[in-house]
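Notes for the structure review
Spelled out, the chains give:
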Amino acid sequence: MHWTLDQLEAFVTAVRLGSFSAAARHLGKAQSRVSTAIANLEADLGFALFDRSARLPVLNQAGLDLFKEAEAVLMQCQRLQSRANSLNSGEEVSLTVAMDEAVPIIAFESLFERLAQQFPLLKLAIINGSQDDIAQWVSAKRAEIGILFHQKPLPESLDFTSISSFKQILICSPHHPLAQHPAPSIEELNRHRQLVIRDRIGNTQSQAISTSHWHIDSYYYIMGLAIRGVGWALVPEHVVNTPWYMNELVELSTEHIPNPLVVEMGIVQRRDQSKGPIVRWLYNETASLF
């Protein structure tokens with residue numbers, strides 16, 4: 001192989017712009033240099049790329065076949081150079097974010113859309129879990145950062161930065177017996193099954209109030225079961241207020257529940273891990289989400 005990237009660039013630019021002279025102007029070179037580069041490419045390949053019998057060279061079939069391949073080579077070279085620039089600047093090549101599935105969906109979809117636009121070469125992985133899962137994954141370096149609801153102490157190895165806080169709402173189906181008690185007492189709640197959030201590594205995420213309870217690792221599955229009258233639950237307000245559940249549930253008073261019903265959401269990262277440009281960008285953007 002004797003052809004060069006300069007030759008491919010001259011060829012691809014000439015095809016895109018329709019003439020050797022337009023390619024020369026675009027590349028800031030003399031037309032003779034562009035013509036020579038393309039002629040040398042043809043000589044190195046062993047076949048002509050243009051039909052030169054007309055006033056302006058026109059791509060022949062071989063040129064058409066090679067054009068897409070040449071474009072792909074140049075695009076890959078651009079990606080390689082961009083990746084090298086990222087590494088040289090300290091920008092993360094890949095990033096794993098561990099998230100609680102119950103975070104406000106629309107806000108974080110918008111965040112990741114902006115992330116894709118800002119850092120198009122980033123390789124992103126998103127994994128879901130509850131507080132203990134996320135804390136364990138970040139501690140074990142399976143994820144660089146975690147976004148979680150802070151409901152109990154975190155490992156000493158992690159730093160927590162608050163983003164926002166949400167009330168927990170007491171809900172049940174309109175057909176559930178508790179729907180007849182707008183402000184149920186602990187005794188009344190204890191007579192019925194509670195649906196309690198649980199993490200994926202086997203620990204209970206929230207303390208159950210009712211002695212009769214089920215552990216479930218998804219707030220959205222809890223909501224679905226609550227709609228069917230399987231039990232009552234305490235769920236973050238933004239989950240309850242999603243359009244999917246409109247008019248499907250009854251909100252009850254929590255005045256008789258003694259424990260704090262505000263859950264804090266934030267970012268966790270290992271204390272021994274520095275923040276690259278992308279992680280710093282995420283911290284700045286999440287601070288203004290709510």
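Read on for an overview of the structure. (Residues numbered from 1 in each chain as written. Predicted model: local features only at pLDDT ≥ 70, side-chain atom pairs only at ≥ 80, totals over all residues. Heavy atoms only, no water.)

**Some remarks on the overall build of the chain**
Selection rule: Note on conventions: DSSP H or I runs of at least 4 residues are helices, E runs of at least 2 residues are strands, and numbering of each starts at the N terminus. Here the globule rule is a power law, 2.2 Å times the number of residues to the power 0.38, and the radius of gyration is based on C-alpha atoms. Exposure categories follow from relative accessible area, calculated using a 1.4 Å probe and restricted to protein chains: below 20% of the type maximum is buried, above 50% is exposed, and the middle band is partly exposed. We call two residues in contact whenever any of their non-hydrogen atoms come within 4.5 Å of each other. Under the convention used here, a 1.4 Å probe and the Shrake-Rupley method define accessible areas, while residue burial counts only the protein chains that appear. His is not counted, nor are the chain ends, whereas Lys and Arg count as positive and Asp and Glu as negative. For the purpose of locating charges, the reference atoms are NZ of Lys, CZ of Arg, CG of Asp and CD of Glu.
Along the backbone of the chain there are 10 helices and 11 strands. Here the C-alpha atoms of the chain give a radius of gyration of 30 Å, more than 25% beyond the 19 Å that 2.2 N^0.38 yields for 290 residues. On the principal axes, the C-alpha backbone points of the chain span a range of 95 × 45 × 30 Å. Going through the 290 residues of the chain one by one, you find that 44% of them count as buried. Put simply, of all contacts in the chain between residues at least 6 apart along the chain, 66% involve residues at least 24 apart. Carbon and sulfur atoms form 50% of the exposed surface of the chain, whose accessible area is close to 15400 Å². Computed over 24 positive and 30 negative side-chain charges, the separation of the two mean positions in the chain equals 6 Å.

**Describing the environment of aspartate 159**
We apply this condition: A 3.5 Å cut-off defines polar contacts: any pair of N or O atoms within that distance qualifies, except that in protein one atom must be a possible hydrogen donor and the other a possible acceptor, and neighbouring residues in sequence count only when both atoms are side-chain atoms.
One can find aspartate 159 in strand 6 (residues 158-172). According to the relative accessible area criterion, aspartate 159 is partly exposed, its value standing at 36%. For the pair formed by aspartate 159 and arginine 270, sequence separation is 111 residues and the distance between their alpha carbons is 6.1 Å. For aspartate 159, the contacting residues outside a window of four places in its chain are Ile267, Val268, Gln269 and Arg271. Among the polar contacts listed, one links the side chain of aspartate 159 to the side chain of arginine 271, at a separation of 2.6 Å.

**Section: the packing of helix 1 (residues 5-17) against helix 2 (residues 20-27)**
A pair of packed helices can be characterised by two numbers: the angle between their axes and the separation between those axes. Basically, it comes down to this: Here an axis means a line fitted to C-alpha atoms, over the contact stretch when the element is a helix, while the angle between two N-to-C directions is reported on a 0 to 180 degree scale. Note on convention: the crossing is left-handed when the near helix lies turned anticlockwise from the far helix by less than a right angle, right-handed when the turn is clockwise. Polarity classes work like this: nonpolar for Ala, Val, Leu, Ile, Met, Phe, Trp, Tyr, Cys and Pro, charged for Asp, Glu, Lys and Arg, and polar for all others, with Gly in that last group.
The geometry of helix 1 relative to helix 2 is characterised by a closest axis approach of 8 Å and an angle of 115 degrees between their N-to-C directions. Crossing geometry of helix 1 relative to helix 2 is assigned as right-handed. Across from Glu9, Ala10, Thr13, Ala14 and Leu17 in helix 1, the residues of helix 2 making contact are Phe20, Ala22, Ala23, His26 and Leu27. Its residues placed into classes, the contact of helix 1 with helix 2 shows seven nonpolar, two polar and one charged.

**Remarks on the environment of glutamine 168**
Here glutamine 168 lies in strand 6. Expressed as a C-alpha distance, the spacing of glutamine 168 and leucine 64, which sit 104 residues apart in the sequence, is 62 Å. Other than its neighbours up to four places away in sequence, glutamine 168 contacts Gln151, Tyr219, Leu234, Val235, Pro236, Thr254, Leu261 and Val263.

**Overview of the side chain of threonine 286**
Note on placement: threonine 286 falls in helix 10 (residues 277-286). A distance of 2.9 Å separates a polar side-chain atom of threonine 286 from the backbone oxygen of leucine 282. Discounting residues that sit within four places of it in the chain, threonine 286 has contacts with Phe108, Leu111, Ile163 and Ile267.

**Digging into helix 5 (residues 105-118)**
Heads up, the condition is: Helices are assigned an expected span. That span is 1.5 Å times one less than the residue count.
End to end, helix 5 covers 20 Å across 14 residues, agreeing with the expected 20 Å (1.5 Å per residue, within 8%). Where helix 5 is buried, its residues contact strand 3 (94-99), strand 4 (123-128), strand 5 (145-150), strand 11 (262-270) and helix 10.

**Some words on the layout of surface pockets**
Cut-off, in case you're wondering: Site definitions follow a grid-based scheme: protein atoms alone, a 1 Å grid, a 1.4 Å probe that fits but cannot get out for cavities, and for pockets an open set with protein on both sides within 12 Å along at least five of seven lines, plus lining residues having an atom within 4 Å of a point. Grid points are joined across faces, edges and corners, and a volume is the space filled by probe spheres set on the points.
Considered as a void within the structure, the second largest pocket measures approximately 230 Å³ in volume. Lining the second largest pocket are 14 residues, and of these Glu9, Thr13, Arg16, Leu74 and Gln78 sit closest to its centre. Among the elements that make up the lining of the second largest pocket, the one with the highest residue count is helix 1 (seven residues).

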